[in-house]
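# Commentary on secondary and tertiary structure
Spelled out from the first residue to the last, the chains are:
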Amino acid sequence: MKKNLNFLMMFGLCLLTACSTPNNGSSSSEVTVPLLKDVYANYFPIGAALTENKISLYEDLLPNFNSITQEYEAKWSITEPLEGQFDFSSSDPMVEYAKENGKGVRGHTLVWYKSLPRYVLSDNPSKEKLISRIENHVEGVINHFKDDVYVWDVVNEALRDYPSLAQVESGDFYRTGDETNDATGGDLFAICGIDYIESAFKEAYRVRQENNYNFKLFYNDYGLNYPNKREALLKMLDQFALDGTPIEGVGLQAHYYLGSFNIDEFENTIRSIVERGLDVQITELDVSIYPYSTYPITYDEIPESLSKIQASMYGQIMGIARKYSHPENDAYGKVTGVTMWGVADDITWLDNNPVSGRKNWPLLFDEFHEPKQAFWSFIDLDKYGE
Ligand code: XIL
C-alpha cells in the first residue's frame with residue numbers, strides 16, 4: 001500500500017481531481033489533494049452521509065467517496081409513513097445517483113425507535129401485532145432496495161446509553177425509555193423485549209435468503225467504547241447466537257468529542273467484535289471540536305489548537321481501522337468501511353445537536369470545501385501505522 005500511495009503522490013495527476021492552494025500566500029506551490037477513496041482503495045470504501053439536496057452543493061467533494069448513507073430518507077417514518085403504504089420517492093433519486101456514480105449505498109436503517117411513525121405504537125399494539133408491523137416493514141423496504149444496498153443497519157440504538165455494571169450483569173441493558181424519557185424507545189422493548197430486535201434480524205435474513213440478495217446484516221449504535229455498553233453489546237450478541245439470530249457486523253456510529261475519546265477503548269471494542277467473527281464498520285464518523293456534549297462555550301471559528309487535536313484523533317482512529325481491515329486469523333471479522341456523517345463543515349447535524357445553534361467543525365473538509373488538517377492525518381497511512 002505504501003508503494004501505491006507514493007505512486008499516487010508522484011504520478012497522480014490523472015487520478016486526482018481536486019487541487020488547492022495552501023493559505024500561506026504562495027500561489028506557486030500547489031498541493032495535490034488525493035481522493036479519500038483512492039488512498040483507501042486497498043482497505044475499504046469511504047462513505048459520507050448525504051441528502052439529495054446536497055448532491056449538487058458537494059459536487060466538488062463527492063468524488064472522494066465510494067459509499068453513501070442516506071441521512072434520513074431510508075428511515076421508517078419516510079419509507080412507510082402510513083401503515084402498509086410504502087413511499088420511496090425521497091430515497092430512490094439518491095440511490096439512482098449512487099448507482100450512476102459507482103458508489104455503494106449503506107442501508108440506514110430498518111428499525112430505529114427515533115424514526116417510528118406514530119401508527120406503530122399509537123394503538124397500544126400487542127406484541128404479536130408490533131412484531132408483525134416490524135416484519136412487514138423490514139420485508140417491504142428490503143424488497144424495494146434489493147441489492148442496491150450492500151449492508152442494512154437492521155436495528156439502530158437498542159442499547160441503554162450508560163448501563164451500570166449491575167445492569168449489564170443482570171441483562172437489564174436494553175433501552176427502555178426510563179433514561180432517555182423517550183417513550184417510543186421504551187415501548188418497543190416494553191411490549192416485545194429483545195424479540196423486537198431479533199425478529200427484525202430474522203426477517204431481514206429470511207427475505208435476503210429467499211431472494212438471494214447479498215447485503216450484510218448489521219447492528220448499529222453509539223457509545224460502544226464505553227466498557228459497560230460494549231459488554232452489553234457482547235451479551236446481546238451472545239443472546240443472538242443462542243437464539244439463532246443472524247448478524248454479520250456491528251456499526252460503530254463514532255460521533256466523538258475531543259475530550260472524551262479513548263483510542264485504547266476504541267481498539268478494544270473493534271477487537272472484541274472482530275474476534276467473534278463479525279465485521280465492523282465505522283458508520284457515522286465525526287469529531288466534535290467541543291470537549292463534551294454540553295460544553296458551555298461556543299466558538300466562532302475552530303481554534304488552531306483544537307484543529308490539531310482533532311486531526312490527530314482522526315489519524316489514530318483511521319490507524320486502528322486500517323489495522324483491523326486485514327485480519328490474520330481467518331475466523332476473525334474485519335473493518336469493512338468508514339463513513340463520515342456529512343461531507344464538509346458548512347453543513348453538519350452537530351450545528352444543532354446536542355446544542356441548538358452551536359456551530360461545529362467536525363469533518364474532514366472546511367466550510368469552503370478545502371481539506372483540513374484532519375483530512376491530511378486521515379490519509380496519512382505512514383504516520384499512524386497499519
Ligand atoms: C440524524 C440526522 O443527521 C439528522 O439530520 C436527523 O434529523 C436525525 O438523525 N444516529 C443515527 C443517525 O443513527 O441516523 C442520526 O442522524 C444521528 C445519530
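Every value quoted in this text rests on a predicted model; they were computed, and no experiment measured them.

About the thresholds
Residues numbered from 1 in each chain as written. Predicted model: local features only at pLDDT ≥ 70, side-chain atom pairs only at ≥ 80, totals over all residues. Heavy atoms only, no water. Helix = DSSP H or I, 4+ residues; strand = E, 2+ residues; numbered from the N terminus. Buried < 20%, exposed > 50% of the residue type's maximum accessible area, 1.4 Å probe, protein only. Contact = heavy atoms within 4.5 Å. Areas by Shrake-Rupley, 256 points an atom, 1.4 Å probe, with all protein chains shown as cover. Near = heavy atom within 4 Å. Polar contact = N/O pair within 3.5 Å; in protein donor to acceptor, adjacent residues only side chain to side chain. Nonpolar A, V, L, I, M, F, W, Y, C, P; charged D, E, K, R; others polar. Core = buried A, V, L, I, M, F, W, Y, C linked by side-chain atoms within 4.5 Å. Phe/Tyr/Trp six-rings, centres within 6.5 Å; stacked < 30°, edge-to-face > 60°. Lys NZ or Arg CZ within 6 Å of the ring centre and 35° of its normal. pLDDT = per-residue confidence, 0-100. Pairing = 2+ DSSP bridges.

### Some remarks on the overall build of the protein chain
- The helix and strand tally for the protein chain stands at 13 helices and 11 strands.
- By the burial criterion, 54% of the 386 residues in the protein chain qualify as buried.
- Sequence-distant contacts, at least 24 apart, represent 73% of the contacts inside the protein chain between residues at least 6 apart.
- A total accessible area of about 16,500 Å² is found for the protein chain, and carbon and sulfur atoms account for 49% of it.

### What about the site of the ligand?
- The immediate surroundings of the ligand are formed by Glu71, Lys75, His108, Trp112, Asn156, Glu157, Gln253, His255, Glu284, Trp341 and Trp349.
- Lys75 is positioned such that a nitrogen or oxygen atom in its side chain is 2.7 Å from an oxygen atom of the ligand.
- Class assignment for the residues of the shell around the ligand results in three nonpolar, four polar and four charged.

### Structural notes on the nonpolar core
- Within the largest apolar cluster, 108 residues are counted, with the highest numbers of intra-cluster contacts made by Trp152, Ile197, Phe266, Ile270, Leu285 and Phe378.
- When neighbours within four sequence positions are excluded, Trp152 is seen to be in contact with Ala74, Gly107, His108, Thr109, Leu110, Val141, Ile142, Phe145, Phe215, Lys216, Leu217 and Phe218.

### Some points on the packing of aromatic side chains
- Counting across every chain of the model gives 21 aromatic pairs.
- A connected cluster of aromatic rings, assembled from ring pairs, spans Tyr40, Tyr43, Phe44, Tyr314 and Phe378.
- The side chain of Arg106 reaches across the aromatic face of Phe218, ending 5.9 Å from its centre.
- Positioned above the aromatic ring of Tyr222, the side-chain terminus of Lys229 is 4.2 Å from the ring centre.

### Re the confidence of the model for the protein chain
- Mean pLDDT for the protein chain: 91, with 90% of residues reaching 70 or above.
- Segment residues 1–28 is flagged for pLDDT under 50; beyond a separation of four residues in sequence, or across chains, it makes 40 contacts in the model.

### Describing the pairing of strand 4 (residues 67–70)
- Neither face of strand 4 is exposed, since Ser67 and Thr69 on one face and Ile68 and Gln70 on the opposite face are all buried.
- By the bridge criterion, four bridges tie strand 3 (residues 46–50) to strand 4 in an arrangement that is parallel. Along strand 4, the bridge assignment pairs Ala48 with Ile68.
- Across three bridges, the pairing between strand 4 and strand 5 (residues 104–112) is parallel. By the bridge assignment, Thr69 is partnered in strand 5 with Arg106.

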